Amino acid sequence: MNKFIISCIGLLLSTAAMAQSLNPVYEQYIATYRDMAIEQQRKYQVPAAITMAQGILESAAGQSELAQKANNHFGVKCTSDWVGRTIYKDDDKEQECFRVYADVADSYEDHSLFLKRPRYQSLFALPIGDYENWALGLKQCGYATDPNYPEKLIRLIEQYDLQALTFDTLLLAIGVVS
């Protein structure tokens with residue numbers, strides 16, 4: 001009986017410790033932008049979990065300079081075909097050109113369209129629920145220079161249960177939930 005009680009207390013304490021380790025800024029970001037990530041999956045088949053994890057990571061949960069000054073939540077740099085506003089800041093090189101968006105929704109939309117480019121097409125052959133290989137594939141396709149980028153995305157997805165966003169979207173699409 002005592003072992004059972006001690007086990008229960010240990011389980012409660014570990015659950016409480018895990019809950020306390022969640023970053024409230026990240027949780028607020030998820031609550032604020034979850035519907036945008038879900039909408040992007042619905043429209044473009046980019047997994048909502050991946051979109052949300054990238055948004056958190058790339059924008060420091062909306063706190064980065066790019067997010068604050070340019071509504072750029074994904075660190076999307078200028079390309080030769082970009083005709084919108086720009087902002088310059090040091091990144092991998094000095095004074096690199098980044099896209100500026102009118103609002104965060106435009107950033108989410110452009111992120112999805114950016115991933116629909118030929119460079120990232122191999123990702124769309126993966127199952128939409130395979131967040132681990134999507135994360136690895138983003139790195140392999142050159143989305144980020146950080147060698148630990150896939151692991152960071154995977155950790156965010158698992159720690160904040162972002163995979164639920166991907167599956168909720170799939171269930172909505174087939175009419176299982178409303």
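Residues numbered from 1 in each chain as written. Predicted model: local features only at pLDDT ≥ 70, side-chain atom pairs only at ≥ 80, totals over all residues. Heavy atoms only, no water.

### Here we look at the layout of surface pockets
Here is the rule: The rule is simple: put a 1 Å grid over the protein atoms alone, call a set of points where a 1.4 Å probe fits but cannot get out a cavity, call an open set with protein on both sides within 12 Å along at least five of seven lines a pocket, and count a residue as lining if it has an atom within 4 Å of a point. Grid points are joined across faces, edges and corners, and a volume is the space filled by probe spheres set on the points. Strands here mean DSSP runs of E at least two residues long; helices mean DSSP runs of H or I at least four residues long; both are numbered from the N terminus. The residue classification treats Ala, Val, Leu, Ile, Met, Phe, Trp, Tyr, Cys and Pro as nonpolar and Asp, Glu, Lys and Arg as charged. All others, Gly included, are polar.
Put simply, the largest pocket is a space of about 580 Å³. Lining the largest pocket are 26 residues; nearest its centre among them are Glu58, Gly75, Lys77, Asp91 and Tyr143. Elements with a contribution of two residues or more to the lining of the largest pocket: helix 3 (48-59), helix 4 (65-70) and helix 7 (149-159). Classifying every residue of the lining of the largest pocket gives eleven nonpolar, five polar and ten charged.

### Side note on the packing of helix 3 against helix 7
Defined as follows: Every axis in this analysis is a line fitted to C-alpha atoms, fitted for helices over the stretch in contact. Angles between the N-to-C directions lie between 0 and 180 degrees. Put simply, angles under 35 degrees are roughly parallel, angles over 145 are roughly antiparallel, angles from 65 to 115 are roughly perpendicular, and the rest are oblique. Handedness of a crossing follows from how the near helix is turned relative to the far one, being left-handed for an anticlockwise turn of less than a right angle and right-handed for a clockwise one. Working rule for contacts: check all heavy atoms of both residues, and any pair within 4.5 Å makes them a contact.
The contact between helix 3 and helix 7 brings their axes to 9 Å, and the two run at 110°. In terms of their interaxial angle, helix 3 and helix 7 are classed as roughly perpendicular. The interaxial crossing formed by helix 3 with helix 7 has right-handed handedness. Facing Ala49, Ile50, Ala53, Gln54, Ile56, Leu57 and Glu58 of helix 3, the residues of helix 7 in contact are Tyr149, Lys152, Leu153, Leu156 and Ile157. For the contact of helix 3 with helix 7, the per-class residue count stands at nine nonpolar, one polar and two charged.

### So, the pairing of strand 1 (residues 86-89)
To keep it simple, the criterion reads: Two strands are said to pair when DSSP picks up at least two bridges between them.
Relative to strand 2 (residues 96-99), strand 1 runs antiparallel, the two sharing four bridges. Following the sheet pairing, Ile87 is matched in strand 2 by Phe98.

### Overview of unusual backbone geometry
Filter applied, for reference: Summary of the burial criterion: residues with accessible area below 20% of their type's maximum are buried, those above 50% are exposed, and those between are partly exposed, where the area comes from a 1.4 Å probe applied to protein chains only.
Here the phi dihedral of Ala60 falls at roughly 50°; this positive angle occurs in a residue that is not glycine. Relative to the helices and strands, Ala60 is located in the loop between helix 3 and helix 4. Residue classification places Ala60 among the partly exposed positions, given a relative accessible area of 38%. Positioned with a positive phi, Asn71 is a non-glycine residue whose angle comes to about 55°.

### Here we look at the state of the cysteines
In protein chemistry, a disulfide is the covalent bond that joins the sulfur atoms of two cysteines. Here is the rule we go by: Two cysteine sulfurs form what is called a disulfide whenever their separation falls within 2.5 Å.
Counting across every chain of the model gives one disulfide. Put simply, Cys78 and Cys97 are joined by a disulfide, and their sulfur atoms are 2.0 Å apart. An S-S torsion of about -60° defines the bridge between Cys78 and Cys97 as left-handed. Taken together, the positions of Cys78 in the loop between helix 4 and strand 1 and Cys97 in strand 2 put the pair 19 residues apart, joining distant regions of the chain. In this structure Cys78 comes out as partly exposed when scored by relative accessible area, which is 22%.

### Quick word on helix 6 (residues 131-140)
An α-helical turn contains 3.6 residues, so a residue and the one three or four places further along point in the same direction. Threshold: As used here, the arc is the angular range of directions from the helix axis to the C-beta atoms.
Every buried residue of helix 6 is accounted for by Tyr131, Trp134, Ala135, Gly137 and Leu138. Mapping the buried residues of helix 6 onto a view down its axis gives an arc of 165°, with all of them on the same face.

### Examining the pattern of salt bridges
Pairing is possible between side chains of opposite charge, provided their charged atoms come close. Selection rule: When a carboxyl oxygen of Asp or Glu is within 4 Å of a side-chain nitrogen of Lys or Arg, the pair counts as a salt bridge.
Throughout the structure, instances matching the rule amount to ten salt bridges. Asp91 is the partner of Lys77 in a salt bridge, and the nearest nitrogen-oxygen pair spans 3.1 Å. In this pair, Lys77 sits in the loop between helix 4 and strand 1 while Asp91 sits in the loop between strand 1 and strand 2, placing the two residues 14 residues apart along the sequence. Accessibility expressed as a relative area gives 25% for Lys77, which makes it partly exposed. Between Asp81 and Arg117 there is a salt bridge whose closest N-O contact spans 3.3 Å.

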